[in-house]
Structures are given as structure tokens and as C-alpha cells.
Amino acid sequence: MSSSRSVRKLEVVSPVPADIDIANSVEPFHISEIAKDLNLSPNHYDLYGKYKAKVLLSVLDELESSDNGYYVVVGGITPTPLGEGKSTTTVGLCQALGAYLDRKVVTCLRQPSQGPTFGIKGGAAGGGYSQVIPMDEFNLHLTGDIHAITAANNLLAAAIDTRIFHESTQSDKALFNRLCPPNKEGKRKFSDIMFRRLKKLDITKTQPEDLTPEEVKKFARLDIDPNSITWRRVMDVNDRFLRKITVGQGPEEKGMVRETGFDISVASEIMAVLALTTSLADMRERLGKMVIGNSKAGEPITADDLGVGGALTVLMKDAINPTLMQTLEGTPVLVHAGPFANIAHGNSSIVADKIALKLVGPQGFVVTEAGFGADIGTEKFMNIKCRYSDLRPQCAVIVATIRALKMHGGGPQVVAGKPLDHAYLNENVPLVEAGCVNLARHIINTKAYGVNVVVAVNKFSTDTEAEMNAVMNAAMAAGAFNAVICTHHAHGGKGAVDLGVAVQRACASGNQQLKYLYPLDISIKEKIEAIAKSYGASGVEYTEQAEKQIEMYTKQGFSGLPICMAKTQYSFSHNAAEKGAPSGFILPIRDVRASIGAGFIYPLVGTMSTMPGLPTRPCFYEIDLDTATGKVIGLS
């Protein structure tokens, strides 16, 4: 691939300029050139401007008999609030493989949420000389997938409240007559989607007039219990004042006030469905199966019961296609889905990975990133994503920084927006060595899945040779396949060549079978406890609410689903202040919820917010438009 005209060698500058300045200094190749390198013809994709294209799922059908490339997942140690450069390392590794090591490679990344982009974290295109470009398009709107999710999610929310409203004011007969109105010839018929509800109710009749009064009531009256509704409205903005609201305040709603709230769009179950679906037909089924709450009799109510599953699929029909972009060095990127890494499973889509694996072919590489530390992202990648995709990674990369390891060794608190303590800027080998217990546990946990683990030490300018040697020694002692120093932020792909070589070797020798942390046929509690044990917990404590939900989901037939723990990313435990590798603690499960369409049960560990807030000085203070050139400035 190195001879391709879509590979660009970077002219790096020191000190490293701002991310947006680097991104704006490089003229991207037309996306058709990137597509051509992957042997995609123009009928395989739809252009979205000059630098983005939607790759169509028909590519998978065409390449069904082709062999896959190597599959690599990038996770990390437990991070500081500043992040440890997981996305940057993912991009830098791919630039090394494609631009320096002559391998076909595709990077698979999540789409960033605009909430963090304008909030405290900034964008997620990588950083320095290892970025996805155009980075402003990557971080803002992209091809509209998150907007489609927002629209679909809120259509379902409107359908729920509207159905409760209409059922409260109409008799069974009037409700049924309006649901199945006569046509011009005076004949009634069920719409196609209604047959899904009829089948669920074991009603085999096909004509509305044949239903008995009892069947009419069962079919027409969902009888939703307002207190059981778990479906909330969403928007892609950090807006803390929408966390708790009331709806139904208008006089026309006849006093039907209900307390609810907003989540951020990437926390929507529809986003998780997009990430875990395997085809258009599969997405239709998953969207229809999403449970929004229960009837007053305790029966789960789905989107298809409300008659809206088909409409949701129509809103999502373009979003299912991954977006093709490029790195600074011209290697291809597939951007798709962006599920919350705490609440959902925090990984990009199965369809993007499957397309990429076929496109790179044997000896090629697909590198995907799992959100937050390996205890969250990599665990969910293995136990949820790989179960649904039936894909097996050959190598897992764990990104570590000296800064984070010093924090885990007992260093002072790291706070976003505040200067780093001198302990992080000066050599302190004992502090690093003490913090390596965190890295060691991540290595041991990840190796248990049957994959080779390569540790990537993301080097900062203040790191010393003695500190880096301490990390590499600790990594190898914990069972890593290899540990390498990376300077991809400062040097692009050239700074990750050693990592690329280590990953190639790890993949070539990684032929073990994937071992899951738990089987699906054990109880919900047993699965929760298996994950808690991997964190270092000695036991699990459930609130009365959590016990009640587990009992209900088991009774409803959902206990065979995998578990998606909603937990802080800042510690193995539920307490963000507990650094290093805590053990012997009791993990508290506050509540248990379900994403039935996406296909997982998610226990809430401690307090988890699904709608972030803005800090006093959000990132938007820096963001503006150069009206002379039309370029975005200040994006980080």
C-alpha cells in the first residue's frame, strides 16, 4: 500500500502545533482516491462532499467469500480525566501499518458526540500528527447519523406519551376503530406492522372484524404503566437542566403530567442498536424489539407494539452505512456509531469492522478502539460485541501513559483544566512502579480472553528513560506479548512503527480461541458477579430496586442476554477515587435496566449520569469560524 498515491509522508514540526492547525495544514485526498485504494468502485459508496462517503452494506454481500484480515482492538489502562491517547494511538498505529509497513489497513472509530466536543473533553479525531481528517467534519455533524438517531429516538418518545393520552380518553371500541379505520370501500384491515403485535398476543385472525371484544381490548389497549417508562428524549448537547423535566403541562393534555428527562443522544438505545446490528433486516428487528416500559400487568411494551418500528428503521436507513474518511497520512478510516462507553458498550459498529476485514483481506489489518479503560471497553468488546459479530481478535493493545501510572501509584489528583502537579513533570520511578499494578491487572484480564496483549506506552516529552523502562519491565512481567514506546503524537505513523511491528508479530502468533468471561446461560446475577470479580471485587450488593428489576427481566425471558456494566471509567471499582488495582471491595448495584433491542442488560454501578453538563469554561470558548477562509478554528 505504500506505493499508493493516497499515502502521504508528513512534514512534522516541533513543538507540535494545535490539533486543528495540523489538520488544516494538510489537504485531504478526494475520498474517491481512498476508496480506490480499498478496491471500492463508485457504486459501492455514496459521496457526502469531497472528503466523506457512505460505504454501502452491499459490499459485504459481494465480498462474503473473501478471507478476513487480522483484527486488533485498542483499549487502555484506567485513565486520568485528561485521557491517555487511545484514539491517537489507534490512528498512529494504522498510519504506521499503512504508510510505513506496507500493509493494507483500515481504522474503525466511533463517531464523536457534539456534547463533549463543545463541552470539556473536545473532539475525538486523535491528536497531533495522528488524526482523522477533516477533523472539523469528523467532530461536527459528519454524515448526520447522530441526528438520525436523535430524530428516531424522539419519535418513539412522542409515540409513547401520545398513546397513553389517547388510551386515557377513548373506549376500547373507539380506540380500535381509529387504529383500524375503514378505507373508501368501508373495509378495515390491519397494517403490516400490526401483525407483529397480533402474533405476540397469539391472535391468528387476519381481519379486524373477526376479533372478539376481548381480543380487541388486548390488541388496542397497551395500558402502559407511566411509572415503568424507561425511554427518555435525547439531544446531542451537554444540557444539565434537561436531566429532570416534566411533560404534559399543556391544557390540552388534560393534566397528564409525567416526570421524565433527557439523555445525550449517544446514550440512546438506538445508538447501541446501530453499533451491534449486522444487517438492515437485523436492525429492523432490533428496533422493533426495543422495550420502552411495561403494561400495568407487567408485560414488556415494545416499539413494534406502538406501531413505530418500521418508521424508526426508515429514519435510520442511511445511518446504517459506515462513513469512509482518512488519516493525516492518507490511510482509510471507517467511522460508525458512537455508543456511550459507560452506559452502553462503547465500541464502533460491527458492520464497519466486518466490511473493513473483507476490504483489507488476508495479511491486512483492521484496528478498532474500545472506549475507556480495558475493564469497560475491552470487556464489553469481547463479551458483547464479539458475541454478536462472531469475530475473533488476534491482538489487544493496551495504551498506557507515565502520567496515569503515577496517579495510580499514589500521585496527586489530576483535574481537567488545572495545571499538572510537579510529580507528573519530573522523574519518579517508584511512583510509576507502584502504579503499574493497574496496568498489570488490565494485562491479566485481557490475556484471559485468549488474545496476545501489546502495551503501547504513549510517550510525553516529560517522560524519562528510566520511567519508560519501568513500565515495559512491569508489562512483560505481567504477561504482555510485547511493550513498546510510541511517539505518534509528535511524529505520526513513523513514531508508531515499533508498535506496528509488535502488533504484526502478535497477530501472526495469536491463534487461540476467544474465551468469554461468562456463558450466557447462567443467571443475571452470576454474570454480574463474574464481571465484578474481574474488577477485583469480593462480592456484589444489590439494592431492593435492582433485585426487583432482575426478577422482572428474568420472568420476562431476558436473562440470557450479555451484561453491560454502567460504571465509572476512573477506577476498577465503583469509587472514582480508588486508584491502582483495588480489591476486596463490595460492588454496589443501584439499579438494573435493559436494552432489549440492542441486546444487553445494564446494571448501574453507583451513580451514572446519562446527560453530561457543561463546565464553567466549555471548549466552545475557543471554537469559531475564519470567515475569510471558511475554516473552523479552535477545535481540539
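For the structure itself, consult the block above.
Residues numbered from 1 in each chain as written. Predicted model: local features only at pLDDT ≥ 70, side-chain atom pairs only at ≥ 80, totals over all residues. Heavy atoms only, no water.

A. Up close: the environment of Ile-398. Among the secondary structure elements, Ile-398 is positioned in strand S16 (residues 395–400). In this structure, the C-alpha to C-alpha distance between Ile-398 and Ile-376, residues 22 residues apart in sequence, is 13 Å. The contact partners of Ile-398, leaving out residues within four places of it in the chain, are Gly-75, Gly-76, Ile-77, Leu-439, His-442, Ile-443, Thr-446, Val-453, Val-454, Val-455 and Ala-456. (Helix = DSSP H or I, 4+ residues; strand = E, 2+ residues; numbered from the N terminus. Contact = heavy atoms within 4.5 Å.)

B. Highlighting the layout of surface pockets. Taken as a whole, the second largest pocket spans an internal volume of roughly 1,300 Å³. Lining the second largest pocket are 50 residues, with Ser-228, Ile-229, Thr-230, Arg-232 and Arg-593 positioned closest to its centre. Sorting the residues of the lining of the second largest pocket by element identifies strand S9 (258–260), helix H11 (269–276), strand S11 (291–294), helix H22 (544–555), strand S20 (586–595) and strand S21 (600–605) as the ones contributing at least two each. Classifying every residue of the lining of the second largest pocket gives 19 nonpolar, 18 polar and 13 charged. A domain split of the lining of the second largest pocket shows at least three residues from each of domain 2 (146–302) and domain 3 (524–604). (1 Å grid on protein atoms, 1.4 Å probe; cavity = no way out; pocket = protein on both sides within 12 Å on 5 of 7 lines; lining within 4 Å. Points joined across faces, edges and corners; volume = space filled by probe spheres on them. Nonpolar A, V, L, I, M, F, W, Y, C, P; charged D, E, K, R; others polar. Domains from an automatic or database assignment.)

C. Looking closely at the packing of H11 against helix H12 (residues 280–289). Between H11 and H12, the shortest axis-to-axis distance is 10 Å and the interhelical angle comes to 155 degrees. If you check the angle between H11 and H12, you find them roughly antiparallel. Judged by the twist between their axes, the crossing of H11 over H12 is right-handed. Contact with H11, carried on its side by Ile-270, Val-273, Leu-274 and Leu-276, involves Asp-282, Met-283, Arg-286 and Leu-287 of H12 and no other residues of that element. (Axes fitted to C-alpha atoms, helices over the stretch in contact; angles between N-to-C directions. Parallel < 35°, antiparallel > 145°, perpendicular 65-115°, else oblique. Left-handed = near helix turned anticlockwise from the far one by under 90°.)

D. Representation of the pattern of salt bridges within the structure. Within the structure shown, the criterion is met by 25 salt bridges. Asp-161 is the partner of Arg-233 in a salt bridge, and the nearest nitrogen-oxygen pair spans 2.8 Å. Separated by 72 residues along the polypeptide, Arg-233 in strand S7 (residues 233–235) and Asp-161 in helix H7 (residues 145–169) bring together distant segments of the chain. With relative accessibility at 17%, the residue Arg-233 sits in the buried group. For Asp-161, a relative accessible area of 17% puts it in the buried group. The salt bridge involving Asp-318 is made with Lys-317; its shortest N-O contact spans 3.5 Å. By relative accessible area, which is 39% here, Asp-318 ends up partly exposed. (Salt bridge = Lys/Arg side-chain N within 4 Å of Asp/Glu carboxyl O. Buried < 20%, exposed > 50% of the residue type's maximum accessible area, 1.4 Å probe, protein only.)

E. Looking closely at the packing of helix H14 (residues 350–360) against helix H15 (residues 377–389). Where H14 meets H15, the closest approach of the two axes is 10 Å, and the angle between their N-to-C directions is 60 degrees. The angle between H14 and H15 falls in the class oblique. Handedness of the crossing formed by H14 with H15: right-handed. Side by side, H14 and H15 meet where Ile-350, Asp-353 and Lys-354 of the first sit next to Lys-385, Tyr-388 and Ser-389 of the second. Counted by class, the contact of H14 with H15 contains two nonpolar, one polar and three charged residues.

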